[in-house]
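Observations on the three-dimensional arrangement
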Number of protein chains: 2
Amino acid sequence: MKEPLRIALAGLGTVGTGVIRLFEANRQMIEARAGRPLKIVAVSARDRGRDRGVELSAYDWYDDMGEMAALPQVDAVVELVGGSDGPALALARKTLEAGKALVTANKAMIAHHGLSLAKTAAANGTSLKFEAAVAGGIPVVKGLREGAAANAIERIYGILNGTSNYILSAMEETGADFAQMLSDAQELGYAEADPTFDIEGVDAAHKLAILAAIAFGCRIDFDAVKTQGISDVRAADIRQAAALGYVVRLIGMADTEMQDDTCKLFQEVRPCLVAKSHPLAAVSGATNAVVTEGNFSGRLLFQGAGAGDGPTASAVVADIIDLARGERSAPFSVPVEELVEMPPADTGDRLGRTYLRFTVTDRPGVMAEITAAMRDADVSIESLIQEGRSREGRDVLVAMVTHEGPERSVEQALRLLSGSESLTAPPLVMPILQD
Amino acid sequence: MKEPLRIALAGLGTVGTGVIRLFEANRQMIEARAGRPLKIVAVSARDRGRDRGVELSAYDWYDDMGEMAALPQVDAVVELVGGSDGPALALARKTLEAGKALVTANKAMIAHHGLSLAKTAAANGTSLKFEAAVAGGIPVVKGLREGAAANAIERIYGILNGTSNYILSAMEETGADFAQMLSDAQELGYAEADPTFDIEGVDAAHKLAILAAIAFGCRIDFDAVKTQGISDVRAADIRQAAALGYVVRLIGMADTEMQDDTCKLFQEVRPCLVAKSHPLAAVSGATNAVVTEGNFSGRLLFQGAGAGDGPTASAVVADIIDLARGERSAPFSVPVEELVEMPPADTGDRLGRTYLRFTVTDRPGVMAEITAAMRDADVSIESLIQEGRSREGRDVLVAMVTHEGPERSVEQALRLLSGSESLTAPPLVMPILQD
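As annotated in an unreviewed UniProt entry, chain A carries the name Homoserine dehydrogenase and comes from Parapontixanthobacter aurantiacus.

Structure follows, in structure tokens:
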């Protein structure tokens, strides 16, 4: 009988108890696949008394989770506490410094401190694993780092936040507005009481920064992710997009560009128009989906549940099985000292088609003013819709799609219009995902 | 500098030259990810003189590829010769017996001899890898064996043959019949001159048998795969399916069932009706897509190019990188001696809804005859369409969808009708994919 892999589990929320349930349900199978016994030996959480619906008596309890990192009978610590800093980060550092492997589902911590944690892991000859930090149960970290390892990745993009996707696809189905669908999502448990991280794209940006670092072998740079949420998307935008053959999705997208002889990193989370023929257009509800475009593999799509206790536990335990097998790939695909510093790309020259929506007062000359600004900024209009003239004095919606052109032209057009009294609300800009 | 992994490459067709082009294009990157140099040291193919558009002078040439397995300067052999037996199998055995790792894209060989090759690999302490044998560039072997390793797999199914999917989706788009679309596919290079393996489901069955063995930890059993091709699917079937909210796809499906206290294996490749809301319905053209349903992960979808030199080379080199990293998972997810013998499941009790299409002479009483057979076999009809009465004396098409019921009832109904003079062609039966 081979030596067991001995695990300490910090955090017994839904994911932590999910991991315990998974061990109970699938133990025999996962040990056969791991090639050795897997043993939870220690657990820690804030409240020992709470009933979590799982039996904990077989595990040593620690009130101070930091203690577990130092236990000689622990080989690996699973951090499911959450939060980018604070106790989670302290535990992660302690664990790696003690030469023990760390498995985490903590996307915020990896997005902010992934590079320093990877350095600590390398310096102490141990492993840092975070499959569950990106897209829940979808094995996309492994898919990218190992499955697509032979490829230069040209782009990586996808639907990285289930809450936003749930809201956008519910808006699409019902025709209702954002506020209504957010409140429905909150009632149904798809959105939290404070939904900011989800609907403003922060959660997606955490995941995107992690994927970009793996895909391009660069130092993770969460702060450089340009982020725009979905709270300004209206039912009317989704209607206009549909009329033009598109759906609206919150897309995280990363690629690299040579600018001034330097390889620069583009990272953006934004609501985008996605052609109905694109595989991501069919992704609805609280689902995640990631597309990688490799120079040999072509387009690969990974899709599944991006959150939830079962899927996330599945990813956590996949990492544990990898540890037990002795699999030791670098956290960000190449050794940490080889990760390249990539400055953020200047987006002004990026070519693309854009959806623009203006809310304007219904009076003569408004259309002339908008189209003149487009002309002066050298933005070429492909199609334009003024939504059905409403009652007198009410706002009117003008939506347009541009021909392909540089982003800076669109920005320039918006600057030209920024002082205009005709606009009754800030315009909404959404890129059109290029096929 | 670490020791290089030294590779011999057997077979220089499109995939073999694709591997060489990949090494040329991505060498620096793949070596960084592999953590050591990767070096092709020897190559072999049938015709040395042929111009393959790649430079081969840097590699030692062997007329007899079997020799390469014995070379002391070779660590791993990449077999891209093809064919389930013959030279490919001889090379594979020689390689593993020499304690060298084998990487292969040969689905027929793995489907027929995977178990014996895995035993040889284990006995000689070396690795057998075949990511490229299933679904081309999609890392689904790894996704299943490692990414979903924490799960009991409940079902695995998907679109496993690009040629068939190209033909079926072209029939859907154009309304044309099978023969026309096959001939188009042949002209466009999506189907071979002899398309039997693709359109009769044999190629998909090879891949399904491999996936099932990994998913369920059982001994691979290609001969037990029940296979039905797409050549009997007519434009009218696709039209009827569409009217009912379905598309037609060639689906490979495997699961397990307890029957008589024994875990039995169900494996089937058949054209199926797939609800338009199912992710596989959106998969069109020469694409592959695999769905795994795990007890914790839920439904995962892996999609991409199932064939082609670039994608297949991408999968081959991913395996090579794994070898270089020292990754050593068991070929079929658990050690070969733990693989279970699973007898084929009896399908009679399986519950499902079924599409049935009859071609009948247009005369009174035919419908009564068919519906009486359904009643006598206890098949409950959910909907029935008799396609628009054609000119006198011409055949008429009767299509129906049954309510959920056991497969044996449908078989019984067909038996009752088998002698009927009203039927002018064998009926077509397609299961409806359960969501």
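Here the narrative resumes.
Attention now moves to the UniProt feature "binding site: NADP(+)" (unreviewed entry) in chain A. Residue and element names in this part refer to chain A. Feature annotation in UniProt places "binding site: NADP(+)" (unreviewed entry) on Ala10, Gly11, Leu12, Gly13, Thr14, Val15, Gly16 and Thr17, given in this structure's numbering. Setting aside residues up to four positions removed in sequence, Gly11 forms contacts with Gly16, Ser44, Leu80 and Val81. Inspection of the secondary structure puts Val15 in helix H1 (residues 14-34). Every residue in contact with Val15, bar those within four places of it in the chain, is listed here: Leu80, Asp309, Thr312 and Ala313.

Residue and element names in this part refer to chain A. In terms of burial, strand E11 (residues 287-294) is a largely internal element, 8 of the 8 residues being buried. Neither face of E11 is left uncovered, since the one carrying Thr287, Ala289, Val291 and Glu293 and the one carrying Asn288, Val290, Thr292 and Gly294 both have all their residues buried. Across 6 bridges, strand E7 (residues 153-159) lies against E11 in antiparallel orientation. Across the sheet, residue Tyr157 finds its bridge partner in E11, namely Val291. The turn joining E11 and strand E12 (residues 298-305), which pair antiparallel and follow one another in sequence, is formed by 3 residues.

Moving on: helix H12 (residues 407-417) of chain A. Owing to its 3.6 residues per turn, the α-helix brings residues three or four apart onto one side. All names here are of chain A. All of the buried residues along H12 are Glu407, Ser409, Val410, Ala413 and Leu417. Along the axis of H12, the buried positions cluster into a sector of 165°, meaning they face one direction only. In this structure, the buried residues of H12 make contact with strand E8 (226-227), strand E10 (262-275), strand E14 (354-361), helix H11 (366-376), strand E17 (405-406) and strand E18 (423-431).

Each side of the interface is counted separately: chain A has 49 residues, and chain B has 49 residues. Together, Arg33(A), Ala150(A) and Phe296(A) form the three largest contributors to the area buried by chain A at its contact with chain B, with a combined 20%. Connecting chain A to chain B are 2 salt bridges. Between Glu146(B) and Lys142(A) there is a salt bridge, and its shortest N-O distance comes to 2.7 Å. The interface formed by chain A and chain B includes 18 residue pairs in polar contact (both at pLDDT 80 or more).

Further remarks concern the pattern of salt bridges. As enumerated under the stated definition, the model contains 54 salt bridges over all chains in all. Between Lys264(A) and Asp260(A) there is a salt bridge; the shortest N-O distance is 3.7 Å. By relative accessible area, Lys264(A) is classed as buried at 15%. Measuring nitrogen to oxygen at the nearest pair gives 3.9 Å for the salt bridge that ties Asp346(B) to Arg408(B). Taken together, the positions of Asp346(B) in the loop between helix H11 (309-325) and strand E13 (351-352) and Arg408(B) in helix H13 (residues 407-417) put the pair 62 residues apart, joining distant regions of the chain.

Our focus in this paragraph is the packing of aromatic side chains. Residues and elements named next belong to chain A. Enumeration according to the criterion identifies 5 aromatic pairs over all chains in this entry. Ring geometry for Phe130 versus Phe332: centroids 5.3 Å apart, planes at 40°, classification tilted. Here Phe130 is found in the loop between strand E6 (128-129) and helix H4 (140-147), whereas its partner Phe332 is found in the loop between helix H10 (309-325) and strand E13 (351-352), with 202 residues between them in sequence. For Phe332, a relative accessible area of 1% corresponds to the buried category. Of note, Arg350 hangs over the ring of Phe266, and the distance from its end group to the ring centre comes to 3.4 Å.

All names here are of chain A. In terms of domains, chain A is made up of domain 1 (5-133), domain 2 (140-306) and domain 3 (351-431). Computed over C-alpha atoms, the centres of domain 2 and domain 3 are 25 Å apart. If you look at the interface, domain 2 gives 17 residues, while domain 3 gives 16 residues. Carbon and sulfur atoms make up 52% of the area that domain 2 and domain 3 hide from each other, which totals about 1500 Å². It is Arg234, Asp237 and Gln240 that lose the most area in domain 2 upon contact with domain 3, and together they represent 34% of the buried surface on that side. For the pair domain 2 and domain 3, the number of links is 1 salt bridge. Asp237 serves as the salt-bridge partner of Arg357, at 2.7 Å between the closest nitrogen and oxygen.

Procedures and definitions
- Residues numbered from 1 in each chain as written.
- Chains lettered and ligands numbered in written order.
- Predicted model: local features only at pLDDT ≥ 70, side-chain atom pairs only at ≥ 80, totals over all residues.
- Heavy atoms only, no water.
- UniProt positions renumbered as here; feature names shortened; annotations may be inferred.
- Contact = heavy atoms within 4.5 Å.
- Helix = DSSP H or I, 4+ residues; strand = E, 2+ residues; numbered from the N terminus.
- Buried < 20%, exposed > 50% of the residue type's maximum accessible area, 1.4 Å probe, protein only.
- Pairing = 2+ DSSP bridges.
- Arc of directions from axis to C-beta.
- Buried area = accessible area lost by both parts, 1.4 Å probe.
- Salt bridge = Lys/Arg side-chain N within 4 Å of Asp/Glu carboxyl O.
- Polar contact = N/O pair within 3.5 Å; in protein donor to acceptor, adjacent residues only side chain to side chain.
- Phe/Tyr/Trp six-rings, centres within 6.5 Å; stacked < 30°, edge-to-face > 60°.
- Lys NZ or Arg CZ within 6 Å of the ring centre and 35° of its normal.
- Domains from an automatic or database assignment.

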